[in-house]
Amino acid sequence: MKKRFNLILLCLMLIFLASCSIRKNIPEGKMILKHNNVEIGSKDVDFTKSDITPYISQSANSNFLGFMPLTWIYYKTDDKTDKKFYNWINKTIGDKPVYYSKDQKDKSVTQISKYLDDIGYFNSTVSTKVKNKRGIGSVVYEIHPTQPYIIDEISYKIKDSTIYKYVKEIENVLPAKKGNIYNAFILDDERDMISEYLKNNGYYYFSKDYIFMEVDTNFMAHKANINIRIDDAINPATQKIESHKRYQINNIYIYPNSSTLNLNSIDTLAHIVRLGKKQDDETFYFVFSSDPKIRFKTFDNQIHIHSGQPYSLRSVTQTYKSLNNLKIYNLTNIDFEPVESENDSIKLLNCNISLNRTKVNYYSLQVEGTNSSGDYGILGSLTYRNRNIFKGSEIFNISAKFGTQAQSVLDDEGTTSLFNTKEFGIDASIYFPKFLSPIKFNNFAKEFQPRTTLTTGYNIQSRPIYLRQITVFTFGYNWMSNDHVQQIFTPITLNSVKVDPTPSFEEVLEQETNQRIKDQYTSHLIMGMDYTYIFNNQNVRFLNDFFYFKANIQSSGNILSAFNNTSLIKTVDNYHEIFGIRYAQYVRLALDFRYFHYTFGEHQIATRFMLGAGIPFGNSYDMPFEKSFYAGGTNGMRGWQFRELGPGTFSNPDKLNIERIGDIQLEFNLEYRFPIYSIFKGAVFTDIGNIWTMRESETFVGGEFHFDTFYKQLAADAGFGLRLDISFMLFRLDVAAPMVNPAYPEGQRWRISKLQLNDFILNFGIGYPF
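Let me sum up the structure you'll find in this document.

Note that the residue after Gly646, namely Pro647, is joined by a cis bond; omega there is -5°. Considering the arrangement of structural elements, one finds Pro647 in the loop between strand 27 (603-616) and strand 28 (664-677). Not every positive phi belongs to a glycine, and Lys391 is a case in point at roughly 60°. Examined against the element boundaries, Lys391 turns out to sit in the loop between strand 15 (375-386) and strand 16 (395-405). You will see that Arg643, though not glycine, has its phi angle at about 60°, which is positive. Tracing the backbone through its elements, the reader meets Arg643 in the loop between strand 27 and strand 28. Judged by its relative accessible area of 13%, Arg643 is buried.

Here we take up the sheet that holds strand 6 (residues 223-230). Here we have three strands laid out as an open sheet, ordered 4-6-5, and mixed in their pairing. This sheet does not close on itself; its edge strands, each paired only once, are strand 4 (150-158) and strand 5 (211-218). Averaged over all pairs of adjacent strands, the angle between their axes in this sheet comes to 20°, without regard to strand direction. The pairing of strand 4 with strand 6 spans eight bridges and is classified as parallel. In the strand pairing of strand 6, Ile151 is matched with Ala224. Along the sheet, helix 6 (residues 161-169) contacts strand 4 and strand 6; its crossing angle with strand 4, the most-contacted strand, is approximately 150°. Docked against the sheet, helix 7 (residues 184-199) engages strand 5 and strand 6, running at close to 150° with respect to strand 5.

The subject of this paragraph is the nonpolar core. With 26 residues, the main nonpolar core has Ile252, Ile254, Phe299, Ile303, Ile305, Phe336 and Ile353 as its most contacted residues. Elements that contribute at least two residues to this core include exactly strand 9 (247-255), strand 11 (282-288), helix 8 (313-323), strand 12 (329-339) and strand 13 (347-357). Filtering out sequence-adjacent residues up to four positions away, Ile254 remains in contact with Phe284, Tyr285, Phe286, Val287, Ile303, Ile353 and Leu355. Within the second largest apolar cluster, 22 residues are counted, among which are Phe122, Tyr166, Leu198 and Ile230.

The next thing to look at is the environment of Trp88. Of note, Trp88 is situated in helix 4 (residues 84-93). Here the alpha-carbon distance between Trp88 and Pro338, two residues 250 residues apart in the chain, equals 58 Å.

Our focus in this paragraph is the pattern of salt bridges. In the structure shown here, the tally under the stated rule is 26 salt bridges. The salt bridge involving Glu169 is made with Lys165; its shortest N-O contact spans 3.5 Å. One end of the pair is Glu169 and the other is Lys165, both in helix 6 and four residues apart, which spans about a single turn. On the basis of relative accessible area, Glu169 is assigned to the partly exposed category, the value being 44%. For Asp192, the salt bridge is made with Lys208, and the minimal N-O distance between the two is 3.2 Å. Here Asp192, found in helix 7, pairs with Lys208, found in the loop between helix 7 and strand 5; they are 16 residues apart in sequence, far enough to count as distant. Classification of Lys208 by relative accessible area gives partly exposed; the value is 24%. Ionic contacts of the salt-bridge type, sharing partners, join the residues Arg638, Glu671, Arg673, Asp687, Arg723, Arg732 and Asp734 into one network.

Quick notes on the rules
Residues numbered from 1 in each chain as written. Predicted model: local features only at pLDDT ≥ 70, side-chain atom pairs only at ≥ 80, totals over all residues. Heavy atoms only, no water. Helix = DSSP H or I, 4+ residues; strand = E, 2+ residues; numbered from the N terminus. Buried < 20%, exposed > 50% of the residue type's maximum accessible area, 1.4 Å probe, protein only. Pairing = 2+ DSSP bridges. Axes fitted to C-alpha atoms, helices over the stretch in contact; angles between N-to-C directions. Contact = heavy atoms within 4.5 Å. Core = buried A, V, L, I, M, F, W, Y, C linked by side-chain atoms within 4.5 Å. Salt bridge = Lys/Arg side-chain N within 4 Å of Asp/Glu carboxyl O.

This is how it looks when you write it as structure tokens:
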């Protein structure tokens, strides 16, 4: 332990000495900008340091724990860039020094002052201090905020009475309120909201450029009066000022394959859509030159724009989203053109929807060699995909996989063949871009655009000691309730595992006292339903804080149990079977809550809390292996290998070759993520959690959950990670070690002072752990 500490200390000293030697290379009169610091002279303000940071125009030099080894590399290779290797090191790894600039500092002061004015702290002062320590320094931006201006009154100056009526309709939901601190950004958001509402009510040509926020401030009272003025439009043809016009939709033209349209040979076909008893029928006009190879009925629920209705930007956006579900098309464009009307008081627009078809068929063949613990084999797969199987943009996928392996396992006759392990499987799925149900929910289908997915599969695995057959079938729906909420409901889930062991292996299983091991080679059937709710308010365009929440509930066997006393279900050894397989009965709940907070720039604190519980009952004593919870691995409790933590205080004294699983999971993860340089990013993290069994287990002694002791059995690890972010993919390397290990007796669970080199776990993954 002392040797490892000395090695770490030596590395830190080398980094420190390298950073110190940077000063020798700094040009005279220059200063490396190491930090930008913000200090706010009052705690009673409505903004934070992180709000100010984006307005500092000169970014500081990157550093790691205060050291700048990459800048040192830059200096050491900068005079050798005529050689390819040193030029690559200099440009790729080296970090070019950022020298302090007075002009950039003054520009930052101006930008910060303007920002403070925009959020109501008019005439605040921003001073700076430059701290230079032998060529390496920092700039401190000291903010002395004034008393903020409060909105005292909001009035309107709108000539058009109709537009005034629409604005007053949404007055209560507009963000600027009397009594709030003046904020120019909120006023600009209000302009967007007013403009969007008008564009949703027929004002096709309206824009927020017609909206002016006139601000009258009272210096003595620190109050601001807001006057919302909306000017009339300027007719581009006559250049005369006139009132804004409302537009109605006239005809809707759909071009199902616009890229191949031949203007010399065009057919137009009217398609009638039945909208319901209380609505007039809709007519879509399909324009094409050759067979569009799509059923026109496919578009009935995809088009939210309706003839005779006022133009609505919301309907256009919904139509874009719906058409994106039709995967036979890879490009959609919706435009409008004004048409003459016999009635000058009614302005009309024709709607043109142009679609560009993508390739229908896709094929893939893959063959690869495998090596599993020295057992060599070959694995192949063949995949076919059709994006328009029933001419309704349904996606049909079918794939077959086949493989064989030479396992060092003897069969019943005590021999082994070259390739004694074989596997074959076939999977098929159909994606329907609509809601398939015996009961029609027209409003639901129209508004939320649910998709239907049907999957099925069969896999057979032939091993020297057993034959396993797996059958899978699911039928479910997926829809977006709004921009942040996704729901997945699978009313039918079928997973059948049938294992036929050889006579000798069956004898081994009968003598096995470890029920968890026996369960891995026992036939079982999962038949139930699954529901998932996902909330995610992340905006990928901005580095803003966001939440993620996922709740999943599953059940199995509850409907089948209603038929226990019928001829469909047979009773064998006090358990119920269907088709010769014992069905599983349980309920399972899993919750996943995450919060991501940006401290400044790309620096982020990521947190996750997971809670899960599975309750077997009725026809099941244990949860099915594949539905149990586990801890350890690349995405959680990284100080342990995959499925090597828990349950509870279980320490595996007999060194059983068994994967550890439980019925209850509790886990908390905290990770600080930060940029290092270019595509390199880093992280420091800790994981706290464990799994438990619902009841006492002969296999996992000490694994049972108890409310009065579970908190003493929480494991903890800590570590650091290096990430390589190449935009479309992130490669992750995490190193972690257990800090608290509940497998040890109480009083010995803190392992920090006893860590050995082999206690550090190396995890490689693709993507973030959460």
